[in-house]
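# Commentary on secondary and tertiary structure
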Amino acid sequence: MANEDLGRTLRRLRRLASLTQEELAERSGVSVDVIRQLEQGRKHSARLPTLHALANGLGVELTTLLGDPPAVSASGENDGPRFVAVRRAIMPVLWGPEPEPPGPDFSLERLREQIADGWTQYHAAEFDTVMKALPDLISDARTATASTTEEDRRAGFAALGKALQLAGHVAVRMGKTDLALTSLERAIQAAGQSSEPLLVPMIVNSTAWTYQRQGRLEDALSIAVRAAAGIADAETADGLKVWGALTMSAATSAARSGDYERAASMMETAEKEAARVVKLPDGGDHRMVSVFSPSSVRIERVRLAVQYGRPHDALALAKGMRLSKDTPPSWRTWLLLDVARAHTDTGDAAGAVKTLESLRRVAPTWMQHHTLAVAIVRDLWALPNHPPGLRPLAEFLGIVE
């Protein structure tokens, strides 16, 4: 991979982890000389295995080291007026007016539908569209918390919790994890005043994800385990989905902390439990509940296996997978990227190209902007023998003219 920001990102992540260059070298198995050259800008590229080892040594996802794909359109002012409006919605001005009761034209049901639509757009990676809608969603939800009846007030706090949770997710995608935690903490406060018992653990799961993005793996693991234990006896499909999402989050934190065996055990348990979802009473809006099905768990198991140096396990898990209808498009694209990476790690260049061709058909724009996809194709292009189909991919990603 060639990346002008790679050295700066590596240095920042190493310092956040309180590691010296020598300590990172020991943890990752990458020579201190390579680390020093990258950080000093004397070396602007590294092969995927090296980047993977450095990410593991830092306790972060590989995409954190490479840089996430853009969360907004290319004009993308992630601190521009639109995002400032989101900040103000999450953190209203000091000594601002208290919310007034909603007027006669206000519809709580319409607000619920708009928030659900926001989550649908978020899962479709339409972050710019979500950002545009968020200020009004949060403002309307705050208005609903001033409703005249207890039932409507509690429903308003539920809507506010969900809107702030959505804002937290968008903030993470914009690289603003501290703002995300502020939004999620306020979402939990609102959820605690609602009449939806699953809402707090759902938002805790979002918080654990944000901790992971900050490298706070022990914190992420502990809150996910604690929240999952609180709903371990879920008797509804929605309850089981939230438990499953928390368990998968805990497994991810365990794997990144170096305990892959514990993570694999958690994932196996989650996949067995996921089969019970269709047997339990249904309820709620599926767009508002955590994604949890045999397909989603298997996708996460593939991701963990490939991220932690077990590409053969990843390919075995992915073989013959049939994705359920509720699997979000973003999860499907990630699966293809992980499978391509696993093929690359096993030396199967032809298999990697075939998978990347599928990814290009499914999500061409996403692939074009994704640093990991570019890194995989760069590694394949560096091989002495190019499999059929590699050149069009390299040209599509701008690696060769």
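All chains use their own residue numbering, which begins from 1 and follows the written sequence. In keeping with the predicted nature of the model, local features appear solely for residues at pLDDT of at least 70, side-chain atom pairs appear and are counted solely at 80 or more, and the whole-chain, interface and lining totals rest on all residues. Computation of side-chain values covers all heavy atoms of the structure but excludes hydrogens and water.

## A short note on the overall build of the chain
Across its full length, the chain holds 21 helices and 0 strands. What you see for the chain is a C-alpha radius of gyration of 22 Å, in line with the 21 Å of a compact globule of 401 residues. Dimensions of the chain, computed from the C-alpha atoms along their principal axes, are close to 70 × 45 × 40 Å. When contacts within the chain are restricted to residue pairs at least 6 apart in sequence, long-range pairs at least 24 apart make up 68% of them. Total accessible area on the chain is roughly 19,000 Å²; 50% of this is exposed by carbon and sulfur atoms. Just so you know, the count uses Lys and Arg for positive and Asp and Glu for negative, and it drops His and the chain ends. Charge positions are represented by NZ for Lys, CZ for Arg, CG for Asp and CD for Glu. Averaging the positions of the 47 positive and the 49 negative side-chain charges in the chain gives two centres separated by 4 Å. Strands here are runs of E lasting at least two residues and helices are runs of H or I lasting at least four, both read from the DSSP assignment and numbered beginning at the N terminus. Our radius of gyration looks at C-alpha atoms and nothing else; its globule reference is 2.2 Å times the residue count to the power 0.38. Residue contacts follow a heavy-atom distance rule, with two residues in contact if any of their heavy atoms lie within 4.5 Å. Each accessible area is a Shrake-Rupley estimate made with a 1.4 Å probe; only the visible protein chains count as cover when residues are assessed.

## With respect to the packing of helix α10 (residues 177-192) against helix α11 (residues 199-213)
The axes used here are C-alpha line fits, helices contributing only the stretch in contact, and every angle between their N-to-C directions lies in the interval 0 to 180 degrees. Put simply, α10 and α11 touch, their axes get as near as 9 Å, and they point 165° apart. One finds that α10 runs roughly antiparallel with respect to α11. Like other packed secondary-structure pairs, α10 and α11 cross with a definite hand, here left-handed. Side by side, α10 and α11 meet where T177, A180, L181, L184, A187, I188, A191 and G192 of the first sit next to L199, V200, I203, V204, S206, T207, T210, Y211 and R213 of the second. Lys, Arg, Asp and Glu make up the charged group, whereas Ala, Val, Leu, Ile, Met, Phe, Trp, Tyr, Cys and Pro make up the nonpolar group; the residues left over, Gly among them, are polar. Split by residue class, the contact of α10 with α11 holds 11 nonpolar, 5 polar and 1 charged. When describing relative orientation, an angle under 35 degrees is termed roughly parallel and one over 145 degrees roughly antiparallel, while 65 to 115 degrees is termed roughly perpendicular and anything else oblique. When the near helix sits turned anticlockwise from the far one by under a right angle, the crossing is termed left-handed; a clockwise turn instead gives a right-handed crossing.

## Quick notes on helix α3 (residues 32-39)
Turning to α3, its buried residues number three or more, namely I35, L38 and E39. Projected down its long axis, α3 shows its buried positions confined to an angular sector of 95°, all on one face. For α3, the elements touching its buried residues are α1 (6-16), α2 (21-28) and α4 (48-58). Just downstream of α3 lies G41, where phi reads positive at about 80°. Classification of residues uses two cut-offs on accessible area relative to the type maximum, computed with a 1.4 Å probe and protein chains only: under 20% is buried, over 50% is exposed, and between them is partly exposed. Throughout, the arc means the angular range of directions from the helix axis out to the C-beta atoms.

## Structural notes on the packing of α11 against helix α13 (residues 237-256)
At their nearest, the axes of α11 and α13 sit 9 Å apart, and the two run at 15° to each other. As far as their axial angle goes, α13 and α11 are roughly parallel. Crossing of α11 against α13: the hand is left-handed. On the side of α11, the interface is formed by P201, M202, V204, N205, A208 and Q212, while α13 contributes V242, A245, L246, S249, T252, S253 and R256. Looking at the contact of α11 with α13 residue by residue, the class counts come to 7 nonpolar, 5 polar and 1 charged.

## Structural notes on the nonpolar core
Ranked by size, the top nonpolar core spans 46 residues in total, and within it L246, M248, F292, V297 and L304 carry the most contacts. Only α11, α12 (217-230), α13, α14 (260-274), α15 (294-307), α16 (311-318) and α17 (329-346) provide two or more residues apiece to this core. Residue contributions to this core peak at 10 residues, all from α13. Excluding anything up to four places from it in sequence, L304 contacts A251, T252, A255, Y260, A263 and M267. As used in this record, nonpolar core signifies buried Ala, Val, Leu, Ile, Met, Phe, Trp, Tyr and Cys residues forming a set joined through side-chain atoms within 4.5 Å.

## Considerations on the pattern of salt bridges
Here a salt bridge means any side-chain nitrogen of Lys or Arg lying within 4 Å of a carboxyl oxygen belonging to Asp or Glu. Scanning the model with the defined rule gives 16 salt bridges in all. The partner of E109 in a salt bridge is R112, and the shortest N-O contact between them spans 3.1 Å. Separated by 3 residues within a single helix, E109 and R112 lie in helix α7 (residues 108-123), roughly one turn from each other. Through salt bridges with shared partners, a single network forms among E268, E271, R298 and R301.

## Details of the packing of aromatic side chains
Classification of ring pairs uses Phe, Tyr and Trp, with its six-membered ring standing for Trp, and accepts pairs whose centres are within 6.5 Å; under 30 degrees between planes counts as stacked, over 60 as edge-to-face, and the remaining range as tilted. Applying the stated criterion to the full structure yields 4 aromatic pairs. Ring geometry for W119 and Y122: centres 5.7 Å apart, planes at 80°, overall edge-to-face. Placement of the pair is W119 and Y122 together in helix α7, with a separation of 3 residues, close to one helical turn. For W119, a relative accessible area of 7% corresponds to the buried category. Between the aromatic rings of W243 and F292, the centroid separation amounts to 6.4 Å while the plane-to-plane angle is 80°, which identifies the pairing as edge-to-face. In this pair, W243 sits in helix α13 while F292 sits in the loop between α14 and α15, placing the two residues 49 residues apart along the sequence. Accessibility classification places W243 together with F292 in one group, the buried group. An aromatic cluster of at least three residues, connected via ring pairs, comprises W119, Y122 and F127. In this analysis the charged atom, NZ for Lys or CZ for Arg, is taken to sit over a ring once it is within 6 Å of the ring centre and within 35 degrees of the ring normal. Above the plane of the ring of W334 lies R303, whose end atom (NZ or CZ) is 4.6 Å from the centre. Sitting over the ring of F396, R360 keeps its end group 4.0 Å from the ring centre.

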